[in-house]
Amino acid sequence: MKKYDVIVVGGGPAGLAAAISSSENAKTLLIEREHRLGGILKQCIHDGFGIIKFGEKLSGPEYAEKYKDMVKEKNIDIITDSFITDIKKNDKTFSVTVVNSSGISQYETYSVVLATGCRERTAKQVFINGERPAGIYTAGTAQYFTNILGYLPGKDCVILGSGDIGLIMARRLTLEGANVKGVFEAKSEPSGLMRNIVQCLEDYDIPLELSTTVSRVFGKERVEAVETVRVDKNMNYIPGTEKVVKADTLILSVGLIPENEIAEKLGISTDIKTKGPFVDNSLMSVNVPGIFCCGNALHVNDLVDYVSESGETAGKNAALYKNTNRKLTKIIISDEFMYCVPQYINYETDEKNIIFYIRVKNNCNNVRIIIKNERDEIVYSRKYIIMRPPEMERLVINKELFKNTSFINISLENGDDNI
Amino acid sequence: MNMYCIECPNGCFMEITDYEGKITVTGNKCKKGYVYALQEITAPMRTVCSTVKTCFRNIPRLPVRTSGSIPKEKIFEVMNEINKITVSENVSIGDIIINNVLNTGVDIIATSNTYES
Ligand SMILES: Cc1cc2nc3c(=O)[nH]c(=O)nc-3n(C[C@H](O)[C@H](O)[C@H](O)COP(=O)(O)OP(=O)(O)OC[C@H]3O[C@@H](n4cnc5c(N)ncnc54)[C@H](O)[C@@H]3O)c2cc1C
Ligand code: SF4
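Model, not experiment: these values are computed from the prediction.

1. A closer look at the packing of helix 1 (residues 13–23) of chain A against helix 2 (residues 60–73) of chain A
Residue and element names in this part refer to chain A. Interhelical geometry of helix 1 versus helix 2 gives an angle of 25° and a closest axis separation of 10 Å. Taken together, the axes of helix 1 and helix 2 are roughly parallel relative to one another. Classified by chirality, the crossing of helix 2 by helix 1 is left-handed. Contact residues: helix 1 offers Pro-13, Leu-16, Ala-17 and Ile-20, while helix 2 offers Tyr-63, Ala-64, Tyr-67, Lys-68, Met-70 and Val-71. Here the residues of the contact of helix 1 with helix 2 are counted per class, giving nine nonpolar, no polar and one charged.

And the structure:
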């Protein structure tokens, strides 16, 4: 059995960054199930990637290529067209089972980085009445058809959900000659970035209808029309507001969920808020030491730059991993926040700073993020004019501030008070 | 007038005032917002990303983009030019697919390779 220090699962931007940083200090193997490295970026042909990392507006494939070039310069073993089916915990190592065209093989490793990305919520997970005719796609599938295979999923399209991938597909389908009849969002706020509302919808006069959902699909073989309906705050249909929109295609952009089948099999405890593993600041699982997680497998990111950053952190720490006891400080967040990653702090790591990725549940104006230690002392505070759920906030805070406390509290307060 | 800056994911909400020809922009977190706002009120510019057909069976489409911004009203004309192309020889990332498209001073460039390096 071949032995490695670190095995990275998944060759998207998170896995590529993890393999690069891990290879500095450890014998590293990268495993990808597809033929080409790059993950989902291969089909994200629009620009806007790498603004933070490279100061350029790159397309997804260009961003991926930069990392693929860096991977080639390092001493990293890579196997593609290979699927990791199982990881088992041994006394001091893990056994990784890999399936590919030459059969089943086993590898042994001291630590593992899970960089398996996320998957889309599908039609089964959204409640829509009516038949299930052809012509219903997730936004990612529509993106794959259009950008990789080169054919249009339909002529008259309705998009359910205002996530970024849906917005980007609205523009993409319009450019290719489809008629996008509207984007319907059940929430009262769009869930994608404002820049995408402007450059993907407003530029092309594509209507965005908030507090509205698709309640029914018409058509036997192929979608012929959909029924939209307005919803109240509690997502109940408002009777009498139904409208029929003629369309041959319904595209679902209703959210992404971290892909964590392997983590589940390993018994890794997951955060119901992120749907990814509970981790400390080294991005190591809190209950299965030696397993690290990054990118969209950890929590759904909107910026690839932060995906790469988390890959770098996970890879570096996986390479340095020694099975020693950790003392963890729990991070408690107040109700206004959707989630915070990491969920725990391990004070005994190399880093000087701790990076927090934090997201609010609703739009908040004029607020202050306050972090307190167990003695109720304020150790950090930062003011925001506006915080919006689609825009994840990243805080870089000196680790020394979290010394000698068994938990920290992160809360959101009115921004006006003088602190 | 109000607008959102689209230059980065921050999406700053800006207020633009024109006082006797003197334009002031507020709400932008950086200089790029100011530049964008001035451009947007005079002649809006956009980048275009798309794909071109190829003769390669394993890569039927090659992603491309404009090398810089083009006037917003020219987006569909540029798309038309992009859709006329079929790539039959290997190209690398950054290669020019259409030189100076529609005299905009901007090229259409490949954003991926037709081969696996
Ligand atoms: C359809 C879709 C479109 C998106 N579009 C955008 C966008 O336009 N802009 C943006 O900023 N972000 C976009 N995102 C978010 C995007 O996923 C992240 O920016 C980033 O690509 C995530 O990187 P990652 O490495 O975590 O995951 P991915 O890029 O998804 O990479 C995960 C990799 O792991 C591999 N893998 C998974 N399981 C296994 C296994 N068991 N064995 C071996 N290999 C495995 C997969 O094949 C894949 O290559 C999109 C996401 C999706 C799902
Ligand atoms: S003004 Fe600067 S920070 Fe704000 S969105 Fe534009 S580029 Fe980004």
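2. Let's talk about the sheet that holds strand 22 (residues 337–341) of chain A
Strands in a sheet are paired, the pairing made by backbone hydrogen bonds, and the direction either parallel or antiparallel. Residue and element names in this part refer to chain A. An order of 22-24-27 is seen for the three strands of this open sheet, with the pairing classed as antiparallel. The open sheet has two edge strands with one neighbour each: strand 22 and strand 27 (393–398). Taken over all neighbouring pairs, the strand axes of this sheet differ in orientation by 25° on average, direction set aside. Bridge count for strand 24 (residues 353–360) against strand 27 is six bridges, and the pairing is antiparallel.

3. Details of helix 7 (residues 304–320) of chain A
An α-helical turn contains 3.6 residues, so any two residues separated by three or four positions project in the same direction. In this model, helix 7 of chain A (17 residues) spans 25 Å end to end at C-alpha, consistent with the 24 Å of a helix rising 1.5 Å per residue. For helix 7 of chain A, the tally of buried residues reaches 14 of 17 residues, placing the bulk of the element in the interior.

4. So, the domain arrangement of chain A
All names here are of chain A. With domains assigned, chain A is organised as domain 1 (1–120 + 256–324), domain 2 (122–254) and domain 3 (326–419). Counting residues at the interface gives 27 residues for domain 1, matched by 22 residues for domain 3. For the pair domain 1 and domain 3, the summed buried area comes to about 2,000 Å², and 51% of that belongs to carbon and sulfur atoms. Put simply, Arg-359 and Asp-302 hold a salt bridge, and the shortest N to O gap is 3.0 Å. Connecting domain 1 to domain 3 are 16 residue pairs in polar contact (both at pLDDT 80 or more). Residues belonging to the side of domain 1 that touches domain 3 are distributed by class as follows: 10 nonpolar, 11 polar and six charged.

Thresholds applied
Residues numbered from 1 in each chain as written. Chains lettered and ligands numbered in written order. Predicted model: local features only at pLDDT ≥ 70, side-chain atom pairs only at ≥ 80, totals over all residues. Heavy atoms only, no water. Axes fitted to C-alpha atoms, helices over the stretch in contact; angles between N-to-C directions. Helix = DSSP H or I, 4+ residues; strand = E, 2+ residues; numbered from the N terminus. Parallel < 35°, antiparallel > 145°, perpendicular 65-115°, else oblique. Left-handed = near helix turned anticlockwise from the far one by under 90°. Contact = heavy atoms within 4.5 Å. Nonpolar A, V, L, I, M, F, W, Y, C, P; charged D, E, K, R; others polar. Pairing = 2+ DSSP bridges. Expected span 1.5 Å × (residues − 1). Buried < 20%, exposed > 50% of the residue type's maximum accessible area, 1.4 Å probe, protein only. Domains from an automatic or database assignment. Buried area = accessible area lost by both parts, 1.4 Å probe. Salt bridge = Lys/Arg side-chain N within 4 Å of Asp/Glu carboxyl O. Polar contact = N/O pair within 3.5 Å; in protein donor to acceptor, adjacent residues only side chain to side chain.

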